[in-house]
Amino acid sequence: MLANAYGLRRLQEPGFQRLLIVTIAIVLVAFRLLQFAAFTGQIQWGYDFSYYWRAAAQLFAGQPIYSPEQLSGPYAPQGQSGFLYPPPLAGALTPFAAMGPADYRLAAWGWSALGAVVLVATILAVARSEGLGDRLRAAVGLGPWILVAAAFGFPPVIGELVLGNVNLLLLGLFGAAWLGVRRGTVGGERAAGLAIGIAATIKVFPGLLLLWFLLTGRRQGALFVIVGAAAAALVTLPITGLQPWLDYPAVLLNLSAPSDTTDTLAPTVWLGGVIGFTPARLLVTAVGVALLAWSARARPARMSFTVAVLASILVAPALYQHYLAILVLPFLLLAAEGASIRWLALAYLLMSGGAQPALGDLAWILNRAAPTLGALVLFGAAFATTRDRRYRATPDIWVP
């Protein structure tokens, strides 16, 4: 019908499609950069990074990084006075905090720049390994840089760059892990395990990938998850000391539901309002582990790895929109697998929701419900996407 519709038939012309995509990308990225610039002058700038900065400074001064409130009983993971993550991250930032500028807001520029570099490097490396650049050139005459533009147009990425959390660093480690797995060699498998082990000492949830390595028969990868975590702990131990490690189990077990759910996306929090936080946490974790296990045994490596990454994020009890920046990797892997562009576009748009005070009591629909649904759509796409392909000589690796 488009071929006969006046004005719309040009949509079928490759040159016009390319022009339209480039125009949309330029407008979208320009708008996000303006948002980023505006937020650098507000309280959100470096907000999450300030906790890492403060914890590193406390270690340097010989002070505890976990607060008495965290150690004495349940606490909300919002506005707390202590550190939320395992000790190695604070230990790794100690030299930076000691020698860097006194104001964390200045230091946040360096952290944000590092996140942007990791984002671009991960996208280009994964796109090259999966042949996405060649497919894009063949389809619309555009290279992998259009994927970089799409990532910078993705609101969770801008939110991550503004707040200064660690999710872009985790994206890079997840991406490095997949590239190691894809090599199909013992060395690649070990490198993948090391990346996940290090990621698990930054935040706990990447440790769920240990189960994926075990269930897919990648024993070297599973072993090196442990090696990577142990190495990160030992390298930073002279800085952190032993006490934070003795405190951290209590900090982790005492983690309770967020006191303010305005920006929370975790399925645990949604379900916790019905059955209670702890039962919801156990149920969501059990479902996530079960889906990961089934996928690891029944699906090829690329899709089962994608499911494992998504499951590890969605079972986290503290999940906010900027955490979804990690989902740049599942988007890439699903595109490589041939997932429907309609479903990928829908997930992208749903996860582009944000605070809309003008909606009043209905603001939660765009702020919470839409991004949560978008992540679940992506999760569903990882199960639904199948393609008939030949196997590479290396088991479990699909090739185009």
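Here is what the cut-offs are and how they apply
- Residues numbered from 1 in each chain as written.
- Predicted model: local features only at pLDDT ≥ 70, side-chain atom pairs only at ≥ 80, totals over all residues.
- Heavy atoms only, no water.
- Helix = DSSP H or I, 4+ residues; strand = E, 2+ residues; numbered from the N terminus.
- Buried < 20%, exposed > 50% of the residue type's maximum accessible area, 1.4 Å probe, protein only.
- Contact = heavy atoms within 4.5 Å.
- Areas by Shrake-Rupley, 256 points an atom, 1.4 Å probe, with all protein chains shown as cover.
- Salt bridge = Lys/Arg side-chain N within 4 Å of Asp/Glu carboxyl O.
- Axes fitted to C-alpha atoms, helices over the stretch in contact; angles between N-to-C directions.
- Parallel < 35°, antiparallel > 145°, perpendicular 65-115°, else oblique.
- Nonpolar A, V, L, I, M, F, W, Y, C, P; charged D, E, K, R; others polar.
- Patch = residues over 30% accessible without salt bridge, like charges linked within 9 Å, V, L, I, M, F, W, Y side chains within 5 Å.
- pLDDT = per-residue confidence, 0-100.
- Phe/Tyr/Trp six-rings, centres within 6.5 Å; stacked < 30°, edge-to-face > 60°.
- Polar contact = N/O pair within 3.5 Å; in protein donor to acceptor, adjacent residues only side chain to side chain.

A separate point is the overall build of the chain. When its secondary structure is counted, the chain shows 19 helices and 0 strands. Relative to its full complement of 400 residues, the chain shows a buried share of 51%. Contacts in the chain between residues far apart in sequence, at least 24 positions, make up 75% of those at least 6 positions apart. Of the accessible surface of the chain, which amounts to about 18,100 Å², a share of 69% is contributed by carbon and sulfur atoms.

Close approach of charged atoms allows side chains of opposite charge to pair. Scanning the entire structure with this criterion turns up 4 salt bridges. One salt bridge in this structure joins Arg 302 and Glu 130, with 2.1 Å as the shortest N-O distance. Here Glu 130 lies in helix α5 (residues 104-130) and Arg 302 lies in helix α16 (residues 301-314), a separation of 172 residues in the sequence. Classification of Arg 302 as buried rests on a relative accessible area of 2%. In this structure, Glu 337 and Arg 302 form a salt bridge, with 2.8 Å as the shortest nitrogen-oxygen distance.

Below, the discussion takes up the packing of helix α15 (residues 277-298) against α16. In the contact formed by α15 and α16, the axes pass within 9 Å of each other and the chain directions differ by 175°. By the angle between their axes, α15 is roughly antiparallel relative to α16. Along the contact surface, α15 presents Val 284, Gly 288, Leu 291, Leu 292, Ser 295 and Ala 296, while α16 presents Met 303, Ser 304, Val 307, Ala 308, Ala 311 and Leu 314. In the contact of α15 with α16, the residues fall into 9 nonpolar, 3 polar and no charged.

Okay, a nonpolar patch on the surface next. Where nonpolar side chains cluster on the molecular surface, the patch consists of Leu 234, Leu 237, Leu 242 and Leu 246 and spans about 400 Å² of accessible area. Looking at the secondary structure, you find Leu 234 in helix α12 (residues 219-240). A relative accessible area of 59% means that Leu 234 is categorised as exposed.

Okay, the confidence of the model for the chain next. Across the chain, pLDDT averages 86, with 89% of residues at or above 70. Per-residue pLDDT stays below 50 along residues 388-400; that stretch engages in 34 contacts with residues further than four places along the chain or on separate chains.

We now examine the packing of aromatic side chains. Scanning the entire structure with this criterion turns up 21 aromatic pairs. Here the aromatic rings of Phe 36 and Trp 45 are separated by 5.7 Å at their centres, their planes lie at 85°, and the arrangement is edge-to-face. Exposure class is identical for Phe 36 and Trp 45. Each is buried. Aromatic pair Phe 379 and Phe 383: ring centres 5.3 Å apart, planes at 65°, arrangement edge-to-face. One end of the pair, Phe 379, and the other, Phe 383, are both in helix α19 (residues 364-384), 4 residues apart, so they sit about a helical turn from each other. On the accessibility criterion, Phe 383 (22% relative accessible area) is partly exposed.

Two packed helices can be described by the angle between their axes and the distance between those axes. As a packed pair, helix α9 (residues 167-183) and helix α17 (residues 328-337) sit with axes 9 Å apart at the nearest point and diverge in direction by 30°. Here Leu 171, Phe 174, Gly 175 and Trp 178 of α9 lie close against α17, whose contacting residues are Val 328, Leu 329 and Leu 333. Tallied by class, residues from the contact of α9 with α17 come to 6 nonpolar, 1 polar and no charged.

Tracing the backbone shows Asp 247 in helix α13 (residues 243-253). Asp 247 has contacts with Tyr 66 and Leu 71, leaving out every residue within four places of it along the chain.

Next up on the list: helix α8 (residues 155-163). Burial analysis of α8 places 8 of its 9 residues in the buried class, which makes it a mostly covered element. For α8, the set of buried residues is Pro 155, Pro 156, Val 157, Ile 158, Glu 160, Leu 161, Val 162 and Leu 163. Immediately downstream of α8, the backbone of Gly 164 shows phi near 75°, a positive value.

With that out of the way, let us pick up the environment of Val 225. If you trace the backbone, Val 225 turns up in helix α12. By relative accessible area, Val 225 is classed as buried at 6%. For Val 225 and Ala 199, which are 26 residues apart along the polypeptide, the C-alpha to C-alpha distance reads 9.2 Å. If we ignore the near neighbours within four places in the chain, the residues touching Val 225 are Gly 193, Leu 194, Ile 196, Gly 197, Leu 210 and Phe 213.

What follows covers the side chain of Gln 70. Within the secondary structure, Gln 70 is located in helix α3 (residues 68-72). Residue class for Gln 70 comes out buried when judged on its relative accessible area of 0%. In terms of polar contacts, Gln 70 uses its side chain to reach the backbone carbonyl oxygen of Phe 83, at 2.8 Å.

Another point: the environment of Leu 252. Tracing the chain through its elements places Leu 252 in helix α13. Residue classification places Leu 252 among the partly exposed residues on the basis of a relative accessible area of 31%. Look past the residues within four positions of Leu 252 in its chain and what remains in contact with it is Val 204 and Arg 281.

Attention shifts here to α17. Burial runs high along α17: 9 of the 10 residues are buried. Within the span of α17, buried status applies to Val 328, Leu 329, Pro 330, Phe 331, Leu 332, Leu 333, Leu 334, Ala 336 and Glu 337. A positive backbone phi angle near 95° is found at Gly 338, which sits one or two residues after α17.

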